[in-house]
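An overview of the molecular structure
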Amino acid sequence: MRFNEVNISMASPPGGAGAPRDDAPRPPPPPAPRNGTPPKQGALTIVRRSSSRGKGEGCPTPTDEQLDQLDLETEHLPAVDTPDACDKAALRLRYLLRQLNKGEIPAETLQRNLQYAAKVLEAVYIDETKDRRGAEPPRVQPATLHRRRLRTPCWARCSVDKPNAAKRLADEDDELSEVQPDAVPPEVREWLASTFTRQLATSKRKSDEKPKFKSVAHAIRAGIFVDRIYRRVTSTALMQFPQDVVRVLKTLDEWSFDVFALHEAAAGAPVKYLGYELLNRYGMIHKFKVQSTILENFLSRIEEGYCKFHNPYHNNLHAADVAQTVHYMLCQTGLMNWLSDLEIFATLVAAVVHDFEHTGTTNNFHVMSGSETALLYNDRAVLENHHISAAFRLMRDEECNILQNLSRDEFREFRTLVIDMVLATDMSFHFQQLKNMRSLLTLAEPAVDKSKAVSLVLHCCDISHPAKRWDLHHRWTMSLLDEFFLQGDKERELGLPFSPLCDRNNTLVAESQIGFIEFIVEPSMAVCADMLECILGPLHSNTKNSSSSGQEPITEEGSGGEGSNKFKIRKPWVACLGDNKKIWKEQAAKDAEARAKLEDESNGVPPVTEE
């Protein structure tokens, strides 16, 4: 959030995608909660500067009558370096808080008054010759590097008792207590150190006139105050989650997450709730200033696109399942610590839109039938090109433009990443993609391109249902076969040859799944795991001795001997693949026996009986 700008959905008009930013200094976005716990909110102290050199008294709490008569125009305010300016700023900040609770303040008015209050706080100083002579103000330590942690789920915040929460916030504003160092997020400290202290140090004045913050506390209070206003405005607009959805999302971090249960709990809208939850949990909503209503509109329209053709498999359930699996790969392996915020944002959005407006037929069907989509994209990655194009076309609508606050460079990078990732889900690129990654990993010092890495991750998540728990995998298999058979029916009507697995009368289900697991899924997951261990190994080595007490998403495995200390990630898919393949082999044996029996009966061979 910019220091002098707060976006409020009720009054701030959206800008165009890729709009340029100015170079004004800005604080970091509101800090993410640590380990699922909301961040501490240090109480804000606004010190009134008296015109005398003695100790000034704190600003008295304004009465309702004073606030009602307040004029928020900023044209005739006193100079920011005068004692009266502190009174004016304090009164306006109180009034702004009251109006924000009512939702009755235009963004432009809020911006002007916050800017004035910030300038007043910047101008607060002491005369060093009479107060702490020769003492240096305490330094604000730059933020230390932490392992990335996810935000508290938005449904958890939505479930808070809002009247009590609002009362607590108001109480914090009234209790003018001292800001403790550990109450200041490292991101805020880093911003303060780079903006305020350096700005003051370069001011060329005589030593007895040099303005400085009193122990930098005023600057810290300013940062916390602006951050609190931003969080209050955005948190009140968060989408509400039904209790059944909240219950299901508590298992979001599990490998075999039950997306079918989420679909039922969400009344058929799993993409809306899961997509919103993920973007909030990774801090993307705050980082890239995505307005809540716009994100909700975007996800709802994406969900509609997935339901457009009523596909048994390539629908909103599949989109939610892939997005959740990508989340597992990002969070539980530690991959998110290797990626930038923009790369995580692009990865999550690519997962959500990767099959947007899927027709329920394959690329081969489009090419063989000469569809309009095949003509448009010249028979190359027909569906994947459409998914990307349709999704970005949707984001050109102001009401769905979640990218409106990205800079031009960020927009170009985001778009390039999404295009690369979604195109990589085309199965015709599968073997070449695996071959290229295997070759790269054999090098002595492999340098994995981030775009290639997240593209392989998304591709593996797209085909990962055989690596999930059996009940989930079996249900996905039946849905996919239903979709294949519907395509086969269309191919029969058009006089086209049947595509593989699309002839409902001659498809061996168990055998097809065994082949899919052994030749496609298992090798893909193995290469993906090798890649993750390669790129995350050095990261783990640099941080394994850290004092961080957060959840450790990665682990080392080994039972002794050479190579026992090699970095490994957890691979829950290995056991699931083994179990599912075993069940399919048992089913294949039963099916073969049943087919043999039917063939014998058709040939008039009497059944063999035991005497």
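Note that the coordinates shown come from a computational prediction; the quantities given were computed from them, not determined experimentally. (Residues numbered from 1 in each chain as written. Predicted model: local features only at pLDDT ≥ 70, side-chain atom pairs only at ≥ 80, totals over all residues. Heavy atoms only, no water.)

**A word on the overall build of the chain**
When helices and strands are counted, the chain shows 23 helices and two strands. Buried residues in the chain amount to 49% of all 611 residues. Looking at the chain alone, contacts between residues at least 24 apart form 79% of all its contacts between residues at least 6 apart. (Helix = DSSP H or I, 4+ residues; strand = E, 2+ residues; numbered from the N terminus. Buried < 20%, exposed > 50% of the residue type's maximum accessible area, 1.4 Å probe, protein only. Contact = heavy atoms within 4.5 Å.)

**Regarding the packing of helix H10 (residues 270-281) against helix H12 (residues 292-306)**
Between H10 and H12, the shortest axis-to-axis distance is 8 Å and the interhelical angle comes to 140°. Looking at the two axes, H10 sits oblique to H12. At the point where H10 passes H12, the crossing takes the right-handed sense. Where H10 abuts H12, its residues Pro270, Val271, Lys272, Gly275, Tyr276 and Leu279 lie against Ser292, Leu295, Glu296, Leu299, Ser300, Ile302 and Glu303. Classifying every residue of the contact of H10 with H12 gives seven nonpolar, three polar and three charged. (Axes fitted to C-alpha atoms, helices over the stretch in contact; angles between N-to-C directions. Parallel < 35°, antiparallel > 145°, perpendicular 65-115°, else oblique. Left-handed = near helix turned anticlockwise from the far one by under 90°. Nonpolar A, V, L, I, M, F, W, Y, C, P; charged D, E, K, R; others polar.)

**Considerations on unusual backbone geometry**
Only a minority of non-glycine residues have a phi that is not negative, and only a minority of peptide bonds are not trans. With a phi close to 50°, Lys289 is a non-glycine residue in the positive phi region. Mapped onto the fold, Lys289 is located in the loop between helix H11 (284-287) and H12. At His310, a residue that is not glycine, the phi angle is positive and equals roughly 55°. In this structure His310 comes out as exposed when scored by relative accessible area, which is 70%.

**Focus on helix H13 (residues 316-332)**
Along its 17 residues, H13 runs 24 Å from first to last C-alpha, staying within 8% of the 24 Å computed at 1.5 Å per residue. Along H13, 17 of the 17 residues are buried, which leaves the element largely enclosed by surrounding structure. Of the residues that open H13, the one with a side-chain oxygen 3.0 Å from the backbone nitrogen of Leu317 is Asn315. Of the residues flanking the end of H13, it is Gly334, one or two places downstream, whose phi is positive at about 95°. (Expected span 1.5 Å × (residues − 1). Polar contact = N/O pair within 3.5 Å; in protein donor to acceptor, adjacent residues only side chain to side chain.)

**Concerning the nonpolar core**
Counting residues in hydrophobic clusters, the biggest one holds 113 residues, and the most contacted among them are Tyr282, Phe298, Phe345, Ile402, Phe414, Leu532 and Trp573. Once residues lying within four places of it in the same chain are set aside, the contact partners of Phe414 are Leu342, Phe345, Ala346, Val349, Phe392, Leu403 and Leu406. Core analysis: the second largest hydrophobic core is formed by 17 residues, Leu77, Ala89, Leu96 and Val120 among them. (Core = buried A, V, L, I, M, F, W, Y, C linked by side-chain atoms within 4.5 Å.)

**Things to note about the pattern of salt bridges**
Here the structure, examined in full by the defined rule, presents 16 salt bridges. Here Asp253 ties to Arg281 by a salt bridge, and the two come within 3.1 Å at their closest N and O atoms. With a gap of 28 residues between them, Asp253 in the loop between helix H8 (243-249) and helix H9 (259-265) and Arg281 in helix H10 connect regions that are remote in the sequence. Here Lys581 and Glu522 are joined by a salt bridge, their closest N and O atoms 3.3 Å apart. (Salt bridge = Lys/Arg side-chain N within 4 Å of Asp/Glu carboxyl O.)

**Thoughts on helix H2 (residues 83-102)**
Its 20 residues place the ends of H2 30 Å apart at the C-alpha level, agreeing with the 28 Å of an ideal helix rising 1.5 Å per residue. Taken together, the buried positions of H2 are Ala85, Cys86, Ala89, Ala90, Arg92, Leu93, Tyr95, Leu96, Leu97, Arg98, Gln99 and Leu100.

**Observations concerning the packing of aromatic side chains**
Tallying each qualifying case throughout the model produces twelve aromatic pairs. A centroid spacing of 6.2 Å and a plane angle of 70° characterise the contact between Phe241 and Tyr276, whose relative ring orientation is edge-to-face. One end of the pair, Phe241, is in the loop between helix H7 (217-235) and H8; the other, Tyr276, is in helix H10, and 35 residues separate them in sequence. With respect to burial, Phe241 and Tyr276 carry one shared label: buried. Ring geometry for Phe392 versus Phe414: centroids 6.4 Å apart, planes at 75°, classification edge-to-face. (Phe/Tyr/Trp six-rings, centres within 6.5 Å; stacked < 30°, edge-to-face > 60°.)

**Notes on the environment of Ala391**
With respect to the helices, strands and loops of the structure, Ala391 is situated in helix H17 (residues 382-394). Of the residues examined, Ala391 reaches a relative accessible area of 2% and is grouped as buried. Those residues in contact with Ala391, other than ones at most four positions away along the chain, are Val353 and Phe356.

**Considerations on the packing of helix H21 (residues 470-494) against helix H23 (residues 572-602)**
In contact at an axis separation of 10 Å, H21 and H23 are set at 60° when each is read in the N-to-C sense. Judged by the inter-axis angle, H21 sits oblique to H23. Seen from above, H21 lies across H23 with right-handed handedness. Residues Trp470, His473, His474, Thr477 and Met478 of H21 form the contact with H23, whose participating residues are Asn580, Ile583 and Trp584. Across the contact of H21 with H23, the residue classes tally to four nonpolar, four polar and no charged.

**Examining the environment of Val248**
For Val248, the location among the structural elements is in helix H8. Distance in space between the C-alpha atoms of Val248 and Asp258 is 8.0 Å, their sequence separation being ten residues. When near neighbours in sequence (up to four residues on either side) are disregarded, Val248 contacts Phe257, Asp258, Ala261, Leu262 and Ala265.

**With respect to the environment of Ile535**
Summarising the element assignment, Ile535 is placed in helix H22 (residues 509-543). Classification of Ile535 as buried rests on a relative accessible area of 10%. A sequence separation of 82 residues divides Ile535 from Ala453, and the C-alpha atoms of the two residues are 9.1 Å apart. Every residue in contact with Ile535, bar those within four places of it in the chain, is listed here: Leu335, Trp338 and Val448.

**Considerations on the confidence of the model for the chain**
Residues at a pLDDT of 70 or more form 66% of the chain, whose mean pLDDT is 78. Contacts of residues 168-181 to residues separated by more than four positions or lying in other chains number 29 contacts, the stretch itself having pLDDT below 50. Residue range residues 556-563 is modelled with pLDDT below 50. Its contacts to residues more than four positions away, or to other chains, number twelve contacts. (pLDDT = per-residue confidence, 0-100.)

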